[in-house]
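Secondary and tertiary structure notes
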Amino acid sequence: MSGSGQSVAASQAGATQLKVEYSLSGGLLARLSSLNTSLAFTSYQSGFLYMLGNGQQGGAQLHQSSMPKPMGLTADGSGKLVLSSEAQIIRFENVLNADQRINQVYDACFMPRTQHVTGHLDAHDIGVETDGRIVFVNTRFNCLATVSPRHSFEEIWRPSFITELVDEDRCHLNGLAMRGGKAAFVTAVSKSNTIDGWRDRRADGGVVIDVESGAIICDGLSMPHSPRWHDGKLWVLNAGTGDLGYVDMENAVDGKGVFKPVAFCPGFLRGLSFRGNYAFVGLSRPRYKRFEGLALDSRLKDADSEPWCGVQVIDLATGTCVDWFRIDGDIGELYDVELVDGFSCPMTVSPNSADAATLITFDSK
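Small disclaimer: the values here were computed from a predicted structure and weren't measured. (Residues numbered from 1 in each chain as written. Predicted model: local features only at pLDDT ≥ 70, side-chain atom pairs only at ≥ 80, totals over all residues. Heavy atoms only, no water.)

Some points on the state of the cysteines
The test is simple: Cysteine sulfur pairs qualify as disulfides if the two atoms are within 2.5 Å. Each residue is placed in one exposure class: buried if its accessible area under a 1.4 Å probe, protein chains only, is under 20% of its type's maximum, exposed if it is over 50%, and partly exposed if it falls in between.
Scanning all chains against the criterion turns up zero disulfides. Of the cysteine sulfurs around Cys-143, a residue in no disulfide, the closest is that of Cys-171, at 9.7 Å. On the accessibility criterion, Cys-143 (0% relative accessible area) is buried. This cysteine, Cys-309, is not joined by any disulfide, and Cys-265 carries the nearest cysteine sulfur, 13 Å off. Under the relative-accessibility criterion, Cys-309 is labelled buried at 0%.

Next comes the structure, spelled out in structure tokens:
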């Protein structure tokens, strides 16, 4: 791993070796430190949950922990994370006190403490409501769901254009925005009500839906992902065009907001988190060499640019990338991005690892 002459270390737990090169901008670690946070992101392709922070002697420390198809990731207050994965919803708790370190490096250790077995639901984004209820996007069944003590899931909401709870990915519901501690907005690739119908609407069939009212508040998008409420605005990644932007409701047309691009990023965009005036945006390379049928393909050609995988930090005031973390090699697809506040160098433990069985902690009081 390299970047602007910085000292960098990477550690890996419970994962197979991949040929990967990591690089980062010279200011990324200082920015994370000034924001009192660290960077987490998931890749279902590699099967890793990553944690990037400030290691010893001012270098970058990247911790990689093997997870079963890691997807949506959310911080549930200080010291808690919730992850949607292949067939489980996993809740992690930091088990270290403020004065404790693991290997004299990690100031947080997120241990898997609760696993809800859901089966293969193709779960995407995930959130936690004020009362502690977990809400996740159940893409396979076109709905928002929560965990159930008896069944694979409990449906709590679905788009009005989906006529029944059915085992068919019809609209590719994917993104979830929380506001005021409640599930507030979702994104879908289309309004299709037939199995796999969304694949024919990738270019301009995408919608943003208000959960409470059920109304479509923005349409004409290209594979929208990762809606997030920040600073009084609903932000969305228009993945098929490579744009980070927001839904302008003040200049609504026929009752629907207008998507306002703020920054173009050279990749398929998924994963979004904010701190202050900065957006942390996840980028992925195309799965089959090209973004066929998407505007992103031509935009990259016009910019004489290649798509890349990683995270860009966008200054919302200027729309420019001010810092970045890049992945080259065998890993080309990320899904979610989250910031882990209050820790400079966190790590996670894989549920199936030896550490999960041997690291025993308890309250000594």
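What follows continues from the structure just given.
Here's the deal with helix α2 (residues 295–302)
We count it as follows: What counts as a helix is a DSSP run of H or I of at least four residues, what counts as a strand is a run of E of at least two, and both are numbered from the N terminus. Arc definition: it is the arc formed by the directions from the helix axis to the C-beta atoms. In this analysis, two residues are considered to be in contact whenever any of their non-hydrogen atoms come within 4.5 Å of each other.
Among the residues making up α2, those that are buried are Leu-296, Asp-297 and Leu-300. Buried residues along α2 cover an arc of 105° about the axis, so they all sit on one side. Exposed and oriented more than 90 degrees from the buried face of α2 are Lys-301 and Asp-302. Looking at the buried side of α2, the elements it contacts are β21 (256–264) and β22 (268–275). The positive-phi residue at the C-terminal boundary of α2 is Asp-304, with phi of around 50°.

Quick word on the environment of Val-322
Tracing the backbone shows Val-322 in strand β25 (residues 320–329). Residues in contact with Val-322, not counting those within four places in the same chain, are Arg-31, Tyr-278, Val-313 and Asp-315.

Some remarks on the sheet that holds strand β8 (residues 88–94)
Here is the rule we go by: Only strands joined by at least two bridges in the DSSP assignment are considered to pair. In this analysis, axes come from line fits to C-alpha atoms, helices being fitted only over the stretch in contact, and the angle between any two N-to-C directions falls in the range 0 to 180 degrees.
The mixed open sheet is built from five strands, whose spatial order is β6-β7-β8-β9-β27. Among the strands making up the open sheet, the edge pair consists of β6 (73–75) and β27 (346–348). Recorded for the sheet is a direction-independent mean angle of 25° between the axes of neighbouring strands. Here β6 pairs with strand β7 (residues 80–84) via three bridges, running antiparallel. Residue pairing for β7: Thr-74 is matched across the bridge by Val-82.

Some remarks on the pairing of strand β9 (residues 108–117)
Sheet analysis places β8 next to β9, joined by seven bridges and oriented antiparallel. Residue pairing across strands places Ile-90 opposite Gln-115, the latter belonging to β9. For β9 and β27, the ladder comprises three bridges, and the chain directions are parallel. The residue bridging Cys-109 from the neighbouring strand is Met-347, located in β27.

Re the sheet that holds strand β15 (residues 182–188)
Here we have four strands laid out as an open sheet, ordered β14-β15-β16-β17, and antiparallel in their pairing. Strand pairing shows two members of the sheet lacking a second neighbour, β14 (173–179) and β17 (216–221), which therefore form its edges. Direction aside, neighbouring strands of the sheet carry axes that sit 20° apart on average.

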